[in-house]
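Take a look at the letters that make up each chain.
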Protein chains: 2
Amino acid sequence: MGTESYTGRINRKLNKKLRIVEVAAGREKADLVLKNASYVNVFSNELRQGDIAVAEGLIVGMGSYSGETEVDVSGKIVLPGFIDAHIHLESAMVSPREFVKAVLPHGTTTVITDPHEIANVMGADGIEYMLQATEGLPVDVRFMLPSCVPATPMDESGAVLDYRTIDSFYDHPRVQGLAEMMNFPGVIGADPQVIEKIVAAQAHHKKIDGHAPDLADNDLNAYIAAGVYSDHECHDAADAIAKLERGQFIMIREGTAAHNLEALLPLLTPQYADRCMFCCDDKHPSDLLEKGHIDYNVRESIRRGVDPILAVKVACHHAARYFQLNNRGAVAPGYFADFVVIDNFQDFHILQVYKKGVEMYDGKEVHDFQVPEIDPYLVQRAHDTFHVAHLTAEDFSERRPRGIIGMVPGELVTTDQGYSDHIDPEWDILKIAVIERHKNTHHIGIGYLQGYGLKKGAVATSVSHDSHNIIVVGANEEDMAAAANRITENRGGIVVMENGEIKGEVVLSIAGLMSDGSLESVNRALESAKAAAFALGVSRDIDPFMTLSFMSLPVIPTLRLTTRGVIDVMNQQYV
Amino acid sequence: MGTESYTGRINRKLNKKLRIVEVAAGREKADLVLKNASYVNVFSNELRQGDIAVAEGLIVGMGSYSGETEVDVSGKIVLPGFIDAHIHLESAMVSPREFVKAVLPHGTTTVITDPHEIANVMGADGIEYMLQATEGLPVDVRFMLPSCVPATPMDESGAVLDYRTIDSFYDHPRVQGLAEMMNFPGVIGADPQVIEKIVAAQAHHKKIDGHAPDLADNDLNAYIAAGVYSDHECHDAADAIAKLERGQFIMIREGTAAHNLEALLPLLTPQYADRCMFCCDDKHPSDLLEKGHIDYNVRESIRRGVDPILAVKVACHHAARYFQLNNRGAVAPGYFADFVVIDNFQDFHILQVYKKGVEMYDGKEVHDFQVPEIDPYLVQRAHDTFHVAHLTAEDFSERRPRGIIGMVPGELVTTDQGYSDHIDPEWDILKIAVIERHKNTHHIGIGYLQGYGLKKGAVATSVSHDSHNIIVVGANEEDMAAAANRITENRGGIVVMENGEIKGEVVLSIAGLMSDGSLESVNRALESAKAAAFALGVSRDIDPFMTLSFMSLPVIPTLRLTTRGVIDVMNQQYV
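Residues numbered from 1 in each chain as written. Chains lettered and ligands numbered in written order. Predicted model: local features only at pLDDT ≥ 70, side-chain atom pairs only at ≥ 80, totals over all residues. Heavy atoms only, no water.

**Side note on the overall build of chain A**
Piece 1. Within chain A, the secondary structure is distributed over 17 helices and 27 strands.
Piece 2. Taken over the C-alpha trace, chain A has a radius of gyration of 25 Å; the compact-globule value for 575 residues is 25 Å, and the two agree within 12%.
Piece 3. Out of the 575 residues in chain A, the part that is buried amounts to 66%.
Piece 4. Across chain A, every contact between residues at least 6 apart in sequence was considered, and the portion connecting residues at least 24 apart equals 68%.
Piece 5. Carbon and sulfur atoms make up 48% of the accessible area of chain A, which totals about 19,300 Å².
Piece 6. Separation between the mean location of the 51 positive side-chain charges and that of the 80 negative ones in chain A comes to 5 Å. (Helix = DSSP H or I, 4+ residues; strand = E, 2+ residues; numbered from the N terminus. Rg over C-alpha atoms; globule rule 2.2 N^0.38 Å. Buried < 20%, exposed > 50% of the residue type's maximum accessible area, 1.4 Å probe, protein only. Contact = heavy atoms within 4.5 Å. Areas by Shrake-Rupley, 256 points an atom, 1.4 Å probe, with all protein chains shown as cover. Lys, Arg positive; Asp, Glu negative; His and termini not counted. Charge placed at Lys NZ, Arg CZ, Asp CG, Glu CD.)

Listed below in structure tokens is the structure:
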């Protein structure tokens, strides 16, 4: 394609279009016809009946058609494929290929991912890796470019991305814009290095997503006037409406870490729903397997009284409109033949899923699909992101008193629990360390942790927001060193260690974030590692790995741990 | 700007954006604040109250603000500026500068024009002329590129535009797409030369407007699947809904030649209005002066019971969304400070109009503005479009019988009235001729006309759809020749002639379509020429010039006249 002339390109598209017209006009047979369909018409806001004809991967018409393949869908309902408006695909801990297998049965045919996690590890190469790993998959994976790498200047990440570093990615046909602008103080404070990222995205006529919990009044005006078009951090309806009425689109988030659907149900009414879409932000393996994906949001919304047509529109059409993916999110001529076939709105069982006119899920299993080839250099680079020396207990010894971070069950916020100078499992005082692992700096930040409950051994993870250094918590320094070393050996993942013995582990060797295995195998390893962590005493009201993974994110109050020590987030000072 | 580097461009925009943020956050004074405004919030669908702050031509926030200029708008209602979604600007018979003066008092701040008329005369140079003539005007003039020049192969126009001829215009920042695809039989019939125009527009990620009265079922599917995203030819609600539910946006047209607002009122309800916008298609001078523009549609809609907020959204927000003019059509941070200030929804008097934060109309007059310079070559070219030899009565003599075109009062369709071989004013049989005037071919098509009513003299016009050859109707050949010659002498316009004496005339020397004078002067000349035509016997239930101007358009049934003779439109055969 690289050497195709403009005329050649037009001719190629022309031939495809001529066939579409022939089929639509009824002069040629369609590739596929869903016969006798009831389908959601997102334009007239009603259920309509008819055959749906498909050619060249697009819907060509609704009415009366015959096709090479005809599938009778009498008595069923056909919906446009669902769109997740904002996800960090890495959160599923599997490769994009495996992620796709997991979400197809849930009716997802498009996701907008922000490769923020892998970009913190691999920089621009991480974005490129994800672009290549998602090319041509039967779930269309679109990208927003990470806006905040590192998340804060306090972080020691694997890369620093300024506007110039990401700029060339805007030319990629699957890049929709600039991802969640978490640095809202930088925007409101008119920090040129922050604003120029927005300006560059606008210069490319791209979208800019927001992330600004509770921002209000003139500060909210400033954030929006700067050019931030959406928000997915709304946790109550008033916050969401304040943003919506200033022009932002609202992404109603229901994921593993945050659950906003219930609080935002008041938005799913004719007055507001037009500017709303669904997203998950992150979805861990067990959540994907047990609850599902965007289908869960639709099902739950309907169960709670939302008009089914409206819920479906929020799940597909509105996100497509926001991202200017203009030919998806509807059953209409010229639109992608991405279909979800369900039994009825009440039960909402997904019977079949089609991507561009090809059945990908038949109600039992996902059909095989071609997996893209990734540049071998990038594959090697993605599997070699740990640059950290062998550690010993000595590396974790520390005589001076350090701050104690207090965990709060079910919350991401922490409390300030004072100081300690030694581990004391009896009083639930554990040692916690963050080990810089990108550049072999041997920076190790040490502190104490209360509320985790571990009685013996150590737990370590390389999924640690947002820089993904190694975070390790332990009842003794020997196991802390052993757990951290094992993660390096595995090129990433999660380890539960006791007396030098591996009690559980998850290998995440793609950038230390994702497994090369299947979602089911990762989930099994995770569940078994969790059980091992609980067996070592970790409090059962805490997710042993997810909660730990947020202890290093120095933007959530009160205390956090970076590679340089315990930090008071509100004052941005080391304690 | 042509030599500005990317970094330079980003820096320039950055500095503007930094100031916007400073003002929005309340740290700097705004350029303009509309104090105590009630404004239509198109996102929450309600009236909201607050100050509206403006900086750098954009709205930066609503709330509490102070500004260099503060205007108290207590008790008034602020609306976003109106958008005409489809107009042929040439139909106002004045230059864009004069058109802008005429529509600003009506609250229009953006129009999407299709320079179809001038392109039929001047080809690509006509498009370029209009682009240059509209640069920087205080009504933002956006373009759709003419898709059907000539309108049909039967026409002898001044140019033939294929997809390559117009392709480079897609790079122009004010070009939004491909204009009304009138050749719907060509689309449905999969004519490659028609479809490739659509394909090229899509390759540039541009919109494609439709024009397909009464198209239905699979043919409509084919037309839409080909890539046609809107329609403005709907004359009843059922037709409009059939198109809307297949994904087309509906432009509700209320213009001089066609009036669809009343019939399409059922669309202005929550079920459908989201996909509707207003347009006029064409607006003649008297219509603009007497009725107004998009404001007329809003006022009329409200008077007939449409929810005012919804009517306003149809007049601004929805067109902006369709054309992906993403920062206009709302009162919200980051949006254009294009405002219409009215007294109330019932009276709907327009008190002030702002364009990008500058008051352009104060309730009495339009403020001065800078007029763009047009390339002198193009100015000269636009004023030299008549290439036709001096004519004599002999040129119009014809012994053989010719078809009689029957005019129908108030309609554009004609009837087949048989044959004649001579003029007979007593039986209302007049001679009509179309004189090719672009390329000096001396092609003159001759026929007869019934229903026009002229008793003596001749009437001629160079506004003759769509090729804008000279059309002349007369009670004698001498006056026909004199009238046609006078038009050539004037380099375009309208002439009423009796016994070699000019009884009325309108000089339209820009491409034979537009005057260099003011709208008022053109209107006066038109009214006086009309009176002269009526004095010569033209039937008072006919618009003497507009109706005549459609006699040469060989796409409307039944009989028409081209430069090659009388044609039966349905059979596309000469009679």
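**A few points about the packing of aromatic side chains**
Piece 1. Counting across every chain of the model gives 14 aromatic pairs over all chains.
Piece 2. When the centroid spacing of 6.0 Å and the interplanar angle of 65° are considered together, the rings of B:F43 and B:Y335 count as edge-to-face. Of this pair, B:F43 sits in the loop between β1 (30-41) and β2 (46-55) while B:Y335 sits in the loop between α13 (317-322) and β14 (339-342); the two residues are 292 residues apart in sequence, bridging distant segments of the chain. The same class applies to B:F43 and to B:Y335, which are both buried.
Piece 3. Measuring from ring centre to ring centre gives 4.6 Å for B:Y322 and B:F323, while their planes differ by 75°; the resulting arrangement is edge-to-face. Note on accessibility: B:Y322 and B:F323 belong to one class, buried.
Piece 4. Taken together, the ring pairs in this structure connect A:F249, A:Y322 and A:F323 into an aromatic cluster.
Piece 5. Just above the ring of B:Y229 sits the side chain of B:K207; from NZ or CZ to the centre is 4.8 Å.
Piece 6. Its guanidinium or amino end placed over the ring of B:F249, B:R275 lies 3.8 Å from that ring's centre, counting from NZ or CZ. (Phe/Tyr/Trp six-rings, centres within 6.5 Å; stacked < 30°, edge-to-face > 60°. Lys NZ or Arg CZ within 6 Å of the ring centre and 35° of its normal.)

**Focus: unusual backbone geometry**
One can expect most non-glycine residues to show negative phi and most peptide bonds to be in trans.
Piece 1. With an omega of 0°, the peptide bond running from B:V149 to B:P150 counts as cis.
Piece 2. By the secondary structure assignment, B:P150 is in the loop between β8 (140-145) and α5 (163-167).
Piece 3. Residue B:T558 is bonded to the preceding B:P557 through a cis peptide linkage, with omega at 5°.
Piece 4. Relative to the helices and strands, B:T558 resides in the loop between α17 (546-549) and β25 (559-562).
Piece 5. Its identity is not glycine, yet A:H205 carries a phi of approximately 60°, on the positive side.
Piece 6. For A:H205, a relative accessible area of 71% corresponds to the exposed category.
Piece 7. A positive phi angle, close to 60°, is found at B:H442, a residue other than glycine.
Piece 8. Looking at where B:H442 falls in the secondary structure, it is placed in the loop between β19 (429-435) and β20 (444-450).

**Considerations on helix α2 (residues 96-103) of chain B**
The periodicity of an α-helix, 3.6 residues per turn, causes residues three or four positions apart to be oriented the same way.
Residues and elements named next belong to chain B.
Piece 1. For α2, the tally of buried residues reaches 6 of 8 residues, placing the bulk of the element in the interior.
Piece 2. Considered for burial, the residues of α2 that qualify are P96, E98, F99, V100, A102 and V103.
Piece 3. Contacts from the buried residues of α2 go to β6 (82-87), β7 (108-113), α4 (124-133), α10 (285-290) and α16 (519-535).

**Brief notes about the pattern of salt bridges**
All names here are of chain A.
Piece 1. Throughout the structure, instances matching the rule amount to 70 salt bridges over all chains.
Piece 2. With a shortest N-O distance of 2.6 Å, R27 and E22 are connected by a salt bridge.
Piece 3. Given a relative accessible area of 43%, R27 falls into the partly exposed group.
Piece 4. The network of salt bridges with common partners includes R19, E28, D31 and E56. (Salt bridge = Lys/Arg side-chain N within 4 Å of Asp/Glu carboxyl O.)

**Overview of the packing of helix α8 (residues 217-225) of chain A against helix α1 (residues 6-24) of chain B**
Geometrically, a packed helix pair is captured by the angle between its two axes and the distance between the axes.
Piece 1. α1(B) packs onto α8(A) with a crossing angle of 165° between their chain directions and a minimal axis gap of 8 Å. Taken together, the axes of α8(A) and α1(B) lie roughly antiparallel to each other. For the crossing formed where α8(A) meets α1(B), the hand is right-handed. Contacts between α8(A) and α1(B) involve A:N218, A:N221, A:A222 and A:A225 from the first element and B:K17, B:I20, B:V21 and B:A24 from the second.
Piece 2. Broken down by class, the residue content of the contact of α8(A) with α1(B) amounts to 5 nonpolar, 2 polar and 1 charged. (Axes fitted to C-alpha atoms, helices over the stretch in contact; angles between N-to-C directions. Parallel < 35°, antiparallel > 145°, perpendicular 65-115°, else oblique. Left-handed = near helix turned anticlockwise from the far one by under 90°. Nonpolar A, V, L, I, M, F, W, Y, C, P; charged D, E, K, R; others polar.)

**Looking at the pairing of strand β5 (residues 77-80) of chain A**
Residue and element names in this part refer to chain A.
Piece 1. Judged by which residues are buried, β5 turns out to be covered on both faces: I77 and L79 on one side and V78 and P80 on the other are all buried.
Piece 2. Where strand β1 (residues 30-41) meets β5, 2 bridges bridge the pair, whose relative direction is parallel. From the neighbouring strand, Y39 faces β5, where its bridge partner is V78. (Pairing = 2+ DSSP bridges.)

**Digging into the packing of helix α11 (residues 294-303) of chain B against helix α12 (residues 308-315) of chain B**
Residues and elements named next belong to chain B.
Piece 1. Where α11 meets α12, the axes come as close as 9 Å, and the angle between the chain directions of the two elements is 155°. Comparing the axis directions of α11 and α12 gives the class roughly antiparallel. The handedness of the crossing between α11 and α12 is right-handed. Together, I294, V298, S301 and I302 of α11 and P308, A311, V312 and A315 of α12 make up the contact between the two elements.
Piece 2. Tallied by class, the residues present in the contact of α11 with α12 amount to 7 nonpolar, 1 polar and no charged.

**As for the interface of chain A and chain B**
Piece 1. In this assembly, 65 residues from chain A lie in contact with 65 residues from chain B.
Piece 2. Around 5,200 Å² of area is buried between chain A and chain B when both sides are counted, 53% of it from carbon and sulfur atoms.
Piece 3. Among the residues chain A hides against chain B, the three largest losses belong to A:K17, A:F43 and A:E245. Together they make up 12% of the total.
Piece 4. Our count for the contact surface shared by chain A and chain B stands at 2 salt bridges.
Piece 5. One salt bridge in this structure joins B:E245 and A:R48, with 2.7 Å as the shortest N-O distance.
Piece 6. For the pair chain A and chain B, the interface holds 32 residue pairs in polar contact (both at pLDDT 80 or more).
Piece 7. Per-element accounting of the side of chain A that touches chain B gives the leading share, 12 residues, to helix α1 (residues 6-24) of chain A.
Piece 8. Broken down by class, the residue content of the side of chain A that touches chain B amounts to 31 nonpolar, 17 polar and 17 charged. (Buried area = accessible area lost by both parts, 1.4 Å probe. Polar contact = N/O pair within 3.5 Å; in protein donor to acceptor, adjacent residues only side chain to side chain.)

**Overview of the relation of the copies chain A and chain B**
Piece 1. At an RMSD of 0.1 Å, chain A and chain B line up after a rotation of 180° and a shift of 0.0 Å along the axis. Classification of the inter-copy transformation places it as that of a two-fold axis.
Piece 2. Comparing interface residues between copies, 100% of those in chain A also sit at the interface in chain B, which points to an isologous, same-surface contact. (Least-squares fit on C-alpha atoms with pLDDT ≥ 70 in both.)

**Digging into the pairing of β6(B)**
Residues and elements named next belong to chain B.
Piece 1. For β6, a buried count of 6 out of 6 residues is recorded, marking the element as mostly surrounded by other parts of the structure.
Piece 2. Two elements, β6 and β7, share 4 bridges in a ladder whose sense is parallel. When the bridges of β7 are listed, I87 appears paired with T113.
Piece 3. For the crossover that starts at β6, traverses α2 and ends in the parallel β7, the hand is right-handed. (Right-handed = clockwise from strand over helix to strand, strands pointing away.)

**Here's the deal with the nonpolar core**
Piece 1. Within the largest apolar cluster, 355 residues are counted, with the highest numbers of intra-cluster contacts made by A:L267, A:Y452 and B:Y452.
Piece 2. Ignoring anything within four residues of it in the chain, the contact list for A:L267 reads A:A237, A:A240, A:I241, A:L244, A:I250, A:I252, A:Y272, A:A273 and A:C276. (Core = buried A, V, L, I, M, F, W, Y, C linked by side-chain atoms within 4.5 Å.)

**A short note on the environment of B:Y335**
Piece 1. Given the relative accessible area of 10%, B:Y335 is considered buried.
Piece 2. As a C-alpha pair, B:Y335 and B:L325 span 10 residues in sequence and 10.0 Å in three-dimensional space.
Piece 3. Once you skip the residues sitting within four places of it in the chain, B:Y335 turns out to touch A:R275, B:F43, B:L58, B:I59, B:N326, B:N327, B:R328, B:G329 and B:A330.

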